[in-house]
Amino acid sequence: MTTAALGQWVRRFADLVAQHRDELTDLDSAIGDADHGSNMDRGMQAAVAALDENPPATSKALLSKVGMTLVSKVGGASGPLFGTLFLRVGGSLGEVAASTPQELAAALRAGLGGVVDRGKAGPGDKTMYDALAPAVDALDAALSDGADLSVALQNASQAAAAGRDATTPMQARKGRASYLGERSVGHQDPGATTVALLLEAAAGSSLGASGSGRRDT
Ligand code: ADP
Ligand code: MG
């Protein structure tokens, strides 16, 4: 898995967020303040522009740039949360040009840890955690079973989508949606929806291209 493949993942995620911007904002209008789609789209467009301007050579440099851009350009909960996710994934991968699938899985777990450190959400709180944690677990499980990275990322993407769907019947206990109490039940969480797009982008990018687990690729 190369730094170039990480860049492709980020760009694909930005494209998916742009395509789903109105849907994400509609979800946030039901249980929040109707800004999630525009927040994430603005942030990811700025992140891609920053990468275009000065293409980073290492995984840490690339993902730190994305994370810092989200933290600085996006207000509300999601800027710092998604920003921290990218910063931690990059920090875990380090100043390298390629990583193994296991290193990518460990980095995503570190990213999940960053989201928890910042937002203090756990299972069932109806947040992005509920899509991200199952995805990280599925990635680890598939790699432990000997799956190659492309298959493991497909599993992770499916787990994120299932986690996203599972937020609908939950009552929010974190973030703005928690102010609604029982009225948050019956609506899909916007942040979990964005996490499912992040994993869809990973599964559809060249991250899992064959040979990607080798350090010399
Ligand atoms: P805001 O709520 O500030 O308007 P956004 O609308 O951009 O920010 O993002 C809302 C999303 O952020 C929620 O759908 C949820 O997934 C996520 N979120 C909010 N608070 C937390 C938290 N404490 N931990 C994890 N995720 C959270
Ligand atoms: Mg909002």
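Just so it is clear, the structure is predicted and the values come from calculations on it, not from any experiment.

Cut-offs applied
- Residues numbered from 1 in each chain as written.
- Chains lettered and ligands numbered in written order.
- Predicted model: local features only at pLDDT ≥ 70, side-chain atom pairs only at ≥ 80, totals over all residues.
- Heavy atoms only, no water.
- Donors = N, O, S within 2.8 Å, 3.2 Å for Na, K, Ca; no water.
- Buried < 20%, exposed > 50% of the residue type's maximum accessible area, 1.4 Å probe, protein only.
- Near = heavy atom within 4 Å.
- Helix = DSSP H or I, 4+ residues; strand = E, 2+ residues; numbered from the N terminus.
- Nonpolar A, V, L, I, M, F, W, Y, C, P; charged D, E, K, R; others polar.
- Contact = heavy atoms within 4.5 Å.
- Polar contact = N/O pair within 3.5 Å; in protein donor to acceptor, adjacent residues only side chain to side chain.
- Axes fitted to C-alpha atoms, helices over the stretch in contact; angles between N-to-C directions.
- Parallel < 35°, antiparallel > 145°, perpendicular 65-115°, else oblique.
- Left-handed = near helix turned anticlockwise from the far one by under 90°.
- Expected span 1.5 Å × (residues − 1).
- Core = buried A, V, L, I, M, F, W, Y, C linked by side-chain atoms within 4.5 Å.
- Salt bridge = Lys/Arg side-chain N within 4 Å of Asp/Glu carboxyl O.

Asks: Hey, could you run me through the coordination of the magnesium ion (ligand 2) in this one?
Replies: Reference values for angles at a metal are 109.5 degrees in the four-donor tetrahedral case and 90 or 180 degrees in the six-donor octahedral case. Looking at the metal site, the magnesium ion (ligand 2) is ligated by Asp28 (OD), Asp33 (OD) and Asp35 (OD), spaced 2.0 to 2.2 Å from it. Under the relative-accessibility criterion, Asp28 is labelled buried at 9%. Residue classification places Asp35 among the partly exposed residues on the basis of a relative accessible area of 22%.

Asks: Even after reading the chapter, I still don't get the site of ligand 1, so can you show me in this structure?
Replies: Near ligand 1, the surroundings consist of 20 residues, among which Asp33, Ala77, Ser78, Gly119 and Asp189 are the closest. Going through the elements one at a time, α3 (36–53), α5 (78–93) and α9 (190–204) are the ones with two or more residues in the shell around ligand 1. Sort the elements by how many residues they give to the shell around ligand 1 and α9 lands first, with three residues. Class assignment of the residues belonging to the shell around ligand 1 gives a composition of six nonpolar, eight polar and six charged.

Asks: Could you clarify how one ought to interpret the environment of Lys73 in this entry?
Replies: Along the chain, Lys73 turns up in helix α4 (residues 59–73). Given a relative accessible area of 47%, Lys73 falls into the partly exposed group. Along the chain, Lys73 and Ala106 lie 33 residues apart, while their C-alpha atoms are 27 Å from each other. If near-sequence neighbours (up to four positions away) are discounted, Lys73 is found in contact with Arg42 and Ala46.

Asks: I would appreciate a short explanation of the side chain of Ser205 in the present structure.
Replies: Structurally, Ser205 is set in the segment after α9. Engagement of the side chain of Ser205 in a polar contact is seen with the backbone oxygen of Ala202, the distance being 2.9 Å. Of note is the side chain of Ser205, whose polar atom sits 3.2 Å from the backbone nitrogen of Leu207. With residues up to four places along the chain from it excluded, the contact list for Ser205 reads Gln8, Trp9 and Arg12.

Asks: Looking at this structure, I do not really get the packing of α5 against α9. What am I missing?
Replies: Helix-helix packing is characterised by the crossing angle of the two axes and by the distance between the axes. Running from N to C, α5 and α9 point in directions that differ by 30°, and their axes come no closer than 12 Å. On the basis of their axis angle, the class for α5 and α9 is roughly parallel. Considering how the two elements wind past one another, α5 and α9 form a crossing that is right-handed. On α9, the residues touching Phe82, Leu85 and Phe86 of α5 are Gly191, Thr194, Val195 and Leu198. The residue makeup of the contact of α5 with α9, split by class, is five nonpolar, two polar and no charged.

Asks: Whenever I open this one, α3 confuses me. Can you help?
Replies: Since the α-helix turns once every 3.6 residues, residues separated by three or four places project in the same direction. Taking 1.5 Å of rise per residue, 18 residues should cover 26 Å, and α3 covers 26 Å from first to last C-alpha, within 8% of that figure. Within α3, burial applies to His36, Gly37, Asn39, Met40, Asp41, Gly43, Met44, Ala46, Ala47, Val48, Ala50 and Leu51. Against α1 (3–19), α2 (21–31), α4, α5 and α9 lie the buried residues of α3.

Asks: I tried to follow the nonpolar core on my own but got confused; where do I start?
Replies: Counting residues in each nonpolar core, the largest one holds 58 residues, and the members touching the most others are Phe13, Leu139 and Leu207. Elements supplying a minimum of two residues to this core: α1, α3, α4, α5, α6 (101–119), α7 (129–144), α8 (149–166) and α9.

Asks: How do you make sense of the environment of Asp15 when you look at a structure like this?
Replies: Within the secondary structure, Asp15 sits in helix α1. Separated by 43 residues in the primary sequence, Asp15 and Thr58 place their C-alpha atoms 22 Å from one another.

Asks: Help me understand the pattern of salt bridges in this model?
Replies: Where charged atoms from two side chains of opposite charge approach closely, those side chains can pair. In this structure the tally under the stated criterion is nine salt bridges. Arg176 is paired through a salt bridge with Asp33; the nearest N and O atoms lie 3.0 Å apart. Residue Arg176 is located in the loop between α8 and α9, and its partner Asp33 is located in the loop between α2 and α3; the two are separated by 143 residues in the primary sequence. Residue Asp33 is classed as partly exposed on the basis of its relative accessible area of 32%.

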